[in-house]
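Topology and contacts: notes
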Amino acid sequence: MPLLQSLPEAHNLAPGLDLLVQPDSRFKRGLLQFSFDCPLNQDSPARTLLSQVLPQGTQAYPSRRMLSRRTEELYGAGFHFGGSRAGDTHRMGLQLDWLADRFLPKGESIATDVQQLGYALLNDPFREGGKSFSETVFTREQDQLLRQIRAMKDDRTAFAEERFLFHLCQGEPMGRSPWGTEEEVN
């Protein structure tokens, strides 16, 4: 017996690009989740850092405050970037959520606006001085990632799991942490 009352509709949009759709009127929010499976390799720390830099602003909304204001204009819509280990892959993701149309004022729909915001977060990040990213934002997020790596030792459960995987899968992708080491982040 499946966990869901109905199975998701699967649509293959292109080679390697699948769309799973699970309509369900029981929920008050729409959810769109993009998952990008990448190799778990020496580039993983850069992707982890990228997932922390991208949500800091777009060209149209160049700060977290302006992004927050925009999500409030969209009736509390939200977005989340993240990355994790999924077997031998580094799964990067963007999740968008918004209030269902039936709970909005009559005739309003925000799904398209939320999707456009997600597109801007991925494809039109805030750039400063012609560089790929704001140097201030990049440095701040790099320092934060380094602090998180150093603090891992204080979380005994997480640290033990990472050490276990490192020794169990030494030399294999699964033995790498998705955020890498301090040296790799630097």
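In short, a report on the structure. What you are looking at is a predicted structure, and each value in this text was computed from that prediction instead of being measured.

Turning next to the overall build of the protein. Summing up its helical and strand segments, the protein has six helices and five strands in all. In the protein, the proportion of contacts linking residues at least 24 apart, taken out of those at least 6 apart, comes to 63%. Accessible surface, the protein as shown: approximately 12,300 Å² in total, 54% of it carbon and sulfur. Averaged over its 21 positive side-chain charges, the protein has a centre that lies 4 Å from the centre of its 25 negative ones.

On to the layout of surface pockets. Here the idea is plain: a probe the size of a water molecule rolls over the atoms and shows the empty space left. Of the voids in this model, the largest pocket is the one considered here, and its volume is about 1,000 Å³. As for the largest pocket, its lining consists of 24 residues, of which Leu-20, Val-21, Leu-31, Leu-32 and Gln-33 are closest to the centre. Elements with a contribution of two residues or more to the lining of the largest pocket: strand E2 (17–21) and strand E3 (29–39). The leading source of residues in the lining of the largest pocket is E3, at eight residues. Per-class residue counts for the lining of the largest pocket are 15 nonpolar, five polar and four charged. Volume-wise, the second largest pocket comes out at about 500 Å³. Taken together, 21 residues form the lining of the second largest pocket, with Arg-163, Ser-177, Trp-179, Gly-180 and Thr-181 sitting closest to its centre. Here the residues of the lining of the second largest pocket sort into six nonpolar, six polar and nine charged.

For the structure shown, the criterion picks out zero disulfides. Between Cys-38, a cysteine without a disulfide, and Cys-169, which holds the nearest cysteine sulfur, the sulfur-to-sulfur distance is 19 Å. On the basis of relative accessible area, Cys-38 is assigned to the buried category, the value being 19%. Under the relative-accessibility criterion, Cys-169 is labelled buried at 9%.

Moving on, we get to the sheet that holds strand E5 (residues 89–99). Spatially, the three strands line up as an open sheet ordered E3-E5-E4, and their pairing is antiparallel. Each having just a single partner strand, E3 and strand E4 (78–86) make up the two edges of the open sheet. Pairs of neighbouring strands in the sheet enclose a mean axial angle of 20 degrees, with direction left out of account. Strand contacts of helix H3 (residues 111–123): E3, E4 and E5, with the helix running at about 145 degrees to E5, the strand carrying the most contacts.

Bridging between strand E1 (residues 9–14) and E2 involves five bridges; their strand directions are antiparallel. Counted as the bridge partner of Ala-10 is Leu-20 from E2.

This paragraph deals with the packing of helix H2 (residues 64–73) against H3. If you want to describe how two helices pack, look at the angle between their axes and the distance between the axes. Close contact between H2 and H3 brings their axes to 11 Å; oriented N to C, the two are set at 160 degrees. Classed by the angle they form, the pair H2 and H3 counts as roughly antiparallel. Both H2 and H3 take part in a crossing whose hand is left-handed. Of H3, the residues touching H2 (which contributes Leu-67, Arg-70 and Thr-71) are Asp-113, Leu-117 and Leu-121. Split by residue class, the contact of H2 with H3 holds three nonpolar, one polar and two charged.

Cut-offs and rules
- Residues numbered from 1 in each chain as written.
- Predicted model: local features only at pLDDT ≥ 70, side-chain atom pairs only at ≥ 80, totals over all residues.
- Heavy atoms only, no water.
- Helix = DSSP H or I, 4+ residues; strand = E, 2+ residues; numbered from the N terminus.
- Contact = heavy atoms within 4.5 Å.
- Areas by Shrake-Rupley, 256 points an atom, 1.4 Å probe, with all protein chains shown as cover.
- Lys, Arg positive; Asp, Glu negative; His and termini not counted.
- Charge placed at Lys NZ, Arg CZ, Asp CG, Glu CD.
- 1 Å grid on protein atoms, 1.4 Å probe; cavity = no way out; pocket = protein on both sides within 12 Å on 5 of 7 lines; lining within 4 Å.
- Points joined across faces, edges and corners; volume = space filled by probe spheres on them.
- Nonpolar A, V, L, I, M, F, W, Y, C, P; charged D, E, K, R; others polar.
- Disulfide = S-S within 2.5 Å.
- Buried < 20%, exposed > 50% of the residue type's maximum accessible area, 1.4 Å probe, protein only.
- Pairing = 2+ DSSP bridges.
- Axes fitted to C-alpha atoms, helices over the stretch in contact; angles between N-to-C directions.
- Parallel < 35°, antiparallel > 145°, perpendicular 65-115°, else oblique.
- Left-handed = near helix turned anticlockwise from the far one by under 90°.

Just geometry here; none of it tells us what the structure is for.
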